[in-house]
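The chain contents come next:
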Amino acid sequence: MALQRKSVIVSYAASPSFLSSPTWDQLKQTLLSQLPLRNIHWKTPSRTSIRTIQELDISLVPLDTIRDELASQVPATLLEKPLLNLYFVTCENTDLELYRTTIKRQIKEWHATVSNRKNQEWIILHVIRPDAKIPSGAFFQLKGSVLDKLKADFNTDKRDRCVQLIWSTNPSMWGEFITKLKDGILSAFDSAVTQREDEVRRSESQRQMPGWNFCTFFILKESLASSFEGVNLCDEALLQYDELEASFYQALKEKNLSWFGVLISPAPKDDSNPLLSLSKKPYRDMILANTITVFDFRIYLLTRQCQLLAQSGRITEVCKKTGAFLGAFGRRLREVEKDLPRFFLQSWIYSSALSVVEQCDSWASNLSEAQLAVFNAGKGELVELARSQLDLIGMHIGFLPQSPPFSSVWVPILSSSEPSTTKISNTQILTALDSEDAFYSLYTHTTTRAIDLYANAGRRKFALKLHGSLAALELHRGHFDAALTTYNSLPAHYAPHMWTSLECSMLQRALETHSALGKPRNREWIHILLSFLAVYAQSSGADMLVKEEIKAAYISRLVDALKSSASELDSGKPGCSLLLSFFQTLVDLPHPDHPAISVQVSPTATLARIKDGSYLEATIHNRLPCALPIEEISVILSGKDADRQRFSVTANSLNPGASKVTLFCPTSNAGTYLLESSEIRMSRLLFNWIYRKPSTNKVPRLTKSSNMLVRIPRDLLAFDVQLRQPPRVEFGQSPTIIVAVSTGRNEVSKAVIRLSAPSVIFDCQDVSLFENDSTEAEFTLEHIILHNLSRSKTVELLVPHSDVSGFNALTISIEVDYVTADESSITRTLKVPRVISTSLPISVNVEDFFRGKQLFSKFTVSTLSHQHVRIASVLLEPPDLDTSGLKVVTSSPRKRNIMSHRYNQHIFCFRSDQTDQARFALAVWYNLSDFIPVRDPLTLDVKYRMLREEVESVIDRAIDEVLADLPEWHMHKTALHAKFIEMLESDASWVEIYTISGELNVPGKIEISEELRDPVEKVKEILRAHQHPESPHGPWHEIRIPVDVPSMTIVAAARIELRTKSPHLYAGQPISAVLSIHTTFHWGPNLNDKERQYTMQYDVEEMVKEWLVSGKKRGNFSAMDDTIFSVPITLVALHHGEFALPRVVVTALPLTDEMTMGSMAIPSTETCQVHGAEKVLILPRGGRSTFVLDMGST
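Read on for a plain summary of the structure. Quick caveat: nothing in here was measured; it's all calculated off a predicted structure.

Turning our eyes to something else, we now look at the overall build of the chain. In terms of helices and strands, the chain carries 25 helices and 49 strands. Relative to its 1194 residues, the chain shows a buried fraction of 46%. Taking the contacts inside the chain whose residues are at least 6 apart along the sequence as the reference set, 72% of them involve residues at least 24 apart. Accessible surface, the chain as shown: approximately 61400 Å² in total, 51% of it carbon and sulfur.

Right, dumping it as structure tokens:
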């Protein structure tokens, strides 16, 4: 049924000669091209907002064709009469004579006719040609124009209804007229609506009076709705029908339906005709005759509402409204169902729902994606409603069982005791009633259609629910394989959306179908059962299809069957090869995140104390109503750097509710761990929960405990491995680390050690026992194996490795598999990451000073750590005194005990004359008669230790001294040591006093058991009395650094010597001086260089503020070994004071006979300012001056 468009009637009139002329035809066609009218804004006092008419059709009809009949008793639409009347005037604008004699009389006759009509407006349109000539002198004419006469004669109510149109091809010429046309139509329409609304209100106010008729009131108000519909105000029209529907409900509530016939009087094809069709019955005539039934009235009202919804573009609401109507009115008709033909109600709902879908498809156009989804969902609901009628019919005729999911719509169908002579007319249902196959085909087709519509709308839940009904149909028909396939696939779609009722139903059906087929209880059956138990746990069994009193027994039988099936899983099936069966038995069946069980662990583990390992308390919640048989419970904790700790315990079953268990881990690495996963084993079935999952936007199915961190305390007596740098580090040698293996309380039968670090290679074959230990050990390419280690034993291994100079610190992963003598059946695995600093805590810088045949080297030792460093000694060792002729003396004693957190300086002197006495503690010299350059490097030996190491050594000695008399407390030595270190780390106030005097005051109080309190106090007394010994005890670190003896081709000593006999020097006085430069080649790289001669250049530095230098202050000279060059100069002090003499810069000129990298070689040179420390006192110049001052007259 297509929607019919209505139009507003506009009459026209003119002189007969003009209407019969071709000009009128052209003018009419031009006017029609401007139609329909658009964007008309209707503003009326009875409404709060402006209503906009997007488009309005206009029908131009001659005035003489409109019959002026008497007012009908039946209210009609307001658009049946013209809302506007037009009169066309065609004459020259200046032809006043023609207007006065002819045109004015014609207009008056027309005006008299149209002005007497109610709710109609009129407009006079004066049409002139664009080439009409305006008479000369028109400006001074007093007679006016034809347009002026028209306005003066007919605009009597101060409203301009006369418009002049200059007819041309320009479309803008119609602008003023179109505006007048809109205003006129709106004015007439507004007055007509106001009058009709008054009539409606007056009629409604008489509702309680005798003789008032609802049907008459309906027709009256409907005329208002039809009028709004005609001007495309569909929302206003729909509002009228909504108010009529409310009035009907009020009459229904008052049980005052005397104006209607019976509730329903079935006519032929009433059950199969399209619901939204007005042509199937004369509804308005039946309303006027007061013979319409409630059934027909409700259908007519619904149809008009749906048509208006479709016209206003609200097609998505049509499906929703008709679905609600069919459901509500269907329940009303069920009251009289026994008076209707059999299955009439079901056939009517089925046919109406499908007909609405077809009708909406014909109305729908240009829907957006969002609107299309809602539209498809509405159609899907209608098709599902039609399908539910097939459920009812099928259950009543025995084609469908009266059980879920079909029975969800079950209601008894009432039928008359006497056989009815009339039957339903829907041919599809009639055929389905006679044939079971036809019924199943119709049922499947209708369900599939609803599924497709739901899928297109994105409503997966509704589509999947209907899939379940198809599976139930297949199960009822005996198609078990197809039903099982569907039942197995549907729960996976339900679970993400938490549709537990549907999921539970499908899974229970799948279990029943699996049993009906007689299939083995394999992995597929186990997965179905586990999914069913998960849904049961989530819903507490509320969605099961069994009775409440047998739920526990039902679940218990399933759990027992699960245990049995898990034990026999893939074990020796007939026809299965032995090899395949063997590999299948190696594979567990994991099931993650099962909600029937949950594991909650304690935030803190406890140490086993008598053996390596720790215990962890856990609470297991079983949400099933029966005990769950299991074999093992385990928990995995993850730490940093891939550290894993596994706690486990064996168990037989889990009772319903909460159960507390204690899990054990044979290794205990101290630290804070994250609860990563937990597992519960039932034979081959493995329940696991992963708590450490990647972030996702989806809502997790299970709510994990917020307490996800577990702390494992440190076991000081457990097997342990530590790393440290070797006590002696020698540059240029292969780097090594010390791996310290401590057995603690354990007597270890065997320990296999593996070391790994990124970009580092450990040479396990070249490992050696530190300090010649007699431990039995094996060294392979990748492992270090130790045998028969006693309790409380520490084995130190020296492990070479590749270069790590590019790292400041190195993280080494240590993995040790060890077996203790007490528990030889358990192989414990210790996986710990250890960080060792590869950089040294001190740095050494050297600075060289050449002084003739002596070389002074200053070594600065500075700390790179925040800790204090104690320097025991700094030695510089020559390579071989017999061959090098080199001797070293130091500026201080060979051994010093210095505590520093900044730097220390050590000066060494290298001398070449054995007869000279070195002013420094160490000197190096060559024998002149047998000079040999030093080729091999010297070695700088630095002995040091960190403050922490020294203090720990002091604490260990104090503890050993106290425990020497208490052997029963030796097992607590490690705990005492750790506790003292912890207290010292908490407060650094003791450091300053210790560095000065050696007294060690332990801050704070130590919380320890009463048995150890006396030993602790004795240790503290010993530490308070401690003093630094002259020769410090404890271990030291040693660094050996190769030091090359530097070379210098030319060493020059420049000196400015003043030559004056006067003891006093004055400013401005010329002072004679001699510049002498001594050169030596003693430190040259080659022995033959002493015979050479170099060209040198000197330059006396300008000191323009202190000295004026006169003479040859810049020049060249020839330098030879052990020679002196002298030149006289004169110095003049510019002012008085005490200041240094000018510096002398001596450089070597390039060698013309030697080339280096494409350019002439320049010999290396170092210049010493011999007079650098001297200063000269310049006195101010003395004298007398006389000044004569004119004081002026008195």
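Take the environment of Val-954 next. Considering the arrangement of structural elements, one finds Val-954 in helix α22 (residues 947-963). What makes Val-954 buried here is its relative accessible area of 5%. Considering only alpha carbons, one finds Val-954 and His-1033, 79 residues apart in sequence, at a separation of 8.5 Å.

It is worth spelling out the sheet that holds strand β42 (residues 1114-1119) at this point. If you trace the 3 strands from one edge of the open sheet to the other, you get β42-β40-β45, paired in antiparallel fashion. What marks the edges here is a single partner per strand, and that holds for β42 and β45 (1144-1148). Strand-to-strand twist across the sheet, computed as the mean angle between neighbouring axes with direction ignored, equals 25 degrees. Judged from the 5 bridges that link them, strand β40 (residues 1094-1100) and β45 form a sheet pairing that is antiparallel. Bridge assignment links Tyr-1098 to a residue of β45, and that residue is Val-1146.

On to the sheet that holds strand β7 (residues 162-166). What the 5 strands build is an open sheet, ordered β4-β1-β5-β6-β7; its pairing is parallel. Each edge of the open sheet carries a strand with a single partner, namely β4 (58-62) and β7. On average, adjacent strands in this sheet sit at an angle of 30 degrees to one another, irrespective of strand direction. In the sheet, strand β1 (residues 8-14) pairs with β4 via 5 bridges, with the strands oriented parallel.

Relative to the assigned elements, Ser-15 resides in the loop between β1 and α1 (16-19). We classify Ser-15 as buried; its relative accessible area is 14%. Contacts of Ser-15, omitting those with residues within four sequence positions, involve Tyr-87 and Gln-106.

Another aspect to go through is the environment of Gly-458. Along the chain, Gly-458 turns up in the loop between α14 (436-457) and α15 (460-476). On the basis of relative accessible area, Gly-458 is assigned to the exposed category, the value being 55%. Residues Gly-458 and Ala-377, spaced 81 residues apart in sequence, show a C-alpha to C-alpha distance of 8.1 Å.

This part is about empty space enclosed by the protein. One simple way to see leftover space: roll a probe sized like a water molecule over the atoms. Considering all chains together, one arrives at 6 cavities of 30 Å³ or more under this definition. What the largest cavity holds in volume is close to 80 Å³. In terms of lining residues, the largest cavity is bounded by 13 residues, among which Arg-945, Glu-950, Tyr-994, Pro-1029 and Pro-1032 are the most central. Across the lining of the largest cavity, the residue classes break down as 4 nonpolar, 5 polar and 4 charged.

On to the pairing of strand β8 (residues 589-592), then. The side chains of a regular strand alternate, residue by residue, between the two faces of the sheet. Only one face of β8 is buried: it carries Leu-589 and His-591, and the other face, with Pro-590 and Pro-592, is open. Sheet analysis places β8 next to strand β18 (residues 685-690), joined by 4 bridges and oriented parallel. Paired with Leu-589 across the bridge in β18 is Leu-685.

The next point concerns helix α2 (residues 22-32). Listing the buried residues of α2 in full gives Trp-24, Leu-27 and Leu-31. Projected onto a plane normal to the axis of α2, the buried residues spread over an arc of 65 degrees and lie on a single side. Set apart from the buried face of α2 by more than 90 degrees, the exposed residues are Pro-22 and Gln-29.

Let's shift gears to unusual backbone geometry. The step from Leu-35 to Pro-36 runs through a cis peptide bond, and the omega angle for that step is 0 degrees. Relative to the helices and strands, Pro-36 is located in the loop between α2 and β2 (37-42). Although it is not a glycine, Asn-232 sits at a positive phi angle of roughly 65 degrees. Mapped onto the elements of the fold, Asn-232 is located in the loop between α6 (214-230) and α7 (234-253).

For the rest of this paragraph, the subject is the nonpolar core. In this structure, Phe-88, Phe-177, Ile-185, Phe-218 and Trp-348 are the most contacted members of the largest nonpolar core, which totals 128 residues. Residues within four places of Phe-218 in sequence aside, it is in contact with Tyr-241, Leu-244, Ile-287, Phe-297, Tyr-300 and Leu-301. Membership of the second largest hydrophobic core comes to 48 residues, among which are Trp-525, Leu-663, Met-682 and Ile-712.

Pairing between side chains of opposite charge can happen when the charged atoms of each approach one another. On inspection of all chains with the given rule, the structure shows 55 salt bridges. Here Asp-160 ties to Lys-151 by a salt bridge, and the two come within 3.8 Å at their closest N and O atoms. The shortest N-O distance in the salt bridge between Glu-1102 and Lys-1113 comes to 2.2 Å. On the criterion of sequence distance, the pair formed by Glu-1102 in the loop between β40 and β41 (1107-1111) and Lys-1113 in the loop between β41 and β42 is long-range, its members being 11 residues apart. Beyond isolated ion pairs, a larger network of salt bridges with shared partners links Arg-47, Arg-51, Glu-197 and Glu-236.

Turning next to the packing of aromatic side chains. Applying the stated criterion across every chain, the model contains 39 aromatic pairs. For the ring pair Tyr-12 and Trp-24, a centre distance of 4.8 Å and an interplane angle of 35 degrees mean the geometry is tilted. You can see Tyr-12 sitting in strand β1 and its partner Trp-24 sitting in helix α2, a full 12 residues away along the chain. Its relative accessible area of 8% is what places Tyr-12 among the buried residues. Summarising the aromatic geometry, the rings of Phe-439 and Tyr-440 are spaced 5.9 Å apart at their centres and angled 65 degrees between planes, so their arrangement reads as edge-to-face. The burial state of Phe-439 is the same as that of Tyr-440; both residues are buried.

A word on the packing of helix α11 (residues 344-363) against α14. Between α11 and α14, the shortest axis-to-axis distance is 14 Å and the interhelical angle comes to 40 degrees. It follows from the interaxial angle that α11 and α14 lie oblique. Both α11 and α14 take part in a crossing whose hand is left-handed. For the pair α11 and α14, the contacting residues are Tyr-350, Leu-354, Val-357 and Glu-358 in the first and Leu-442, Thr-446 and Arg-449 in the second.

Let us now look at the environment of Glu-369. Along the chain, Glu-369 turns up in helix α12 (residues 369-397). Of the residues examined, Glu-369 reaches a relative accessible area of 73% and is grouped as exposed. When the C-alpha positions of Glu-369 and Ala-457 are compared, they lie 9.6 Å apart, and in sequence the two are 88 residues distant.

Across its 20 residues, α7 extends 28 Å between first and last C-alpha, which sits within 8% of the 28 Å expected from 1.5 Å per residue. Listed as buried for α7 are Cys-234, Glu-236, Ala-237, Leu-238, Gln-240, Tyr-241, Leu-244, Glu-245, Ser-247, Phe-248 and Ala-251. Looking at the buried side of α7, the elements it contacts are β3 (51-56), α5 (175-205), α6, α9 (294-311) and α10 (316-333). Just past α7, the residue Lys-255 takes up positive phi, approximately 55 degrees.

With respect to the helices, strands and loops of the structure, Ser-352 is situated in helix α11. Within polar-contact distance, the side chain of Ser-352 engages the backbone oxygen of Trp-348 at 2.7 Å.

About the cut-offs
Note on numbering: residues in each chain are counted from 1, in written sequence order. Given that this is a predicted model, residues contribute local features only at a pLDDT of at least 70 and side-chain atom pairs are listed and counted only at 80 or more, while totals for whole chains, interfaces and linings are drawn from all residues. Water and hydrogen atoms play no part in the side-chain values, which are based on all heavy atoms of the structure. Working definition: helices are DSSP H or I runs of at least four residues, strands are E runs of at least two. Numbering for both runs from the N terminus. For the exposure calls, accessible area comes from a 1.4 Å probe over protein chains only, and a residue counts as buried if that area is under 20% of its type's maximum, exposed if over 50%, partly exposed in between. Contacts between residues were defined by any pair of non-hydrogen atoms, one from each residue, lying within 4.5 Å. All accessible-area figures derive from a Shrake-Rupley calculation using a 1.4 Å probe, and residue coverage is judged against the displayed protein chains alone. DSSP calls a pair of strands paired once it identifies at least 2 bridges connecting them. For helices, the fitted axis covers only the stretch in contact; all axes are lines through C-alpha atoms, and the angles between them, taken along N-to-C directions, range from 0 to 180 degrees. Here a cavity means grid points, on a 1 Å grid over the protein atoms only, where a 1.4 Å probe fits yet cannot get out; a pocket means an open set of points with protein on both sides within 12 Å along at least five of seven lines; lining residues are those with an atom within 4 Å of a point. Grid points are joined across faces, edges and corners, and a volume is the space filled by probe spheres set on the points. Side-chain classes are defined by residue name, with Ala, Val, Leu, Ile, Met, Phe, Trp, Tyr, Cys and Pro counting as nonpolar, Asp, Glu, Lys and Arg as charged, and the others, Gly among them, as polar. As used here, the arc is the angular range of directions from the helix axis to the C-beta atoms. Side-chain atoms within 4.5 Å are what join buried Ala, Val, Leu, Ile, Met, Phe, Trp, Tyr and Cys residues into a set we call a nonpolar core. Salt bridges are identified by distance alone: a Lys or Arg side-chain nitrogen within 4 Å of an Asp or Glu carboxyl oxygen. Aromatic rings from Phe, Tyr and Trp, with only the six-membered ring used for Trp, were paired whenever their centres fell within 6.5 Å, and each pair was classed as stacked if the ring planes differed by under 30 degrees, edge-to-face if by over 60, and tilted otherwise. Oblique is the label for every angle not falling under 35 degrees (roughly parallel), over 145 degrees (roughly antiparallel), or within 65 to 115 degrees (roughly perpendicular). Note: crossing handedness is left-handed where the near helix turns anticlockwise from the far helix by less than a right angle, and right-handed where it turns clockwise. Expected span, for any helix, means 1.5 Å times one less than how many residues it has. N or O atoms closer than or at 3.5 Å make up a polar contact, with two conditions inside protein: a donor-capable atom paired with an acceptor-capable one, and, for residues adjacent in sequence, both atoms drawn from side chains.

Treat this as a map of the structure, not an account of what it does.
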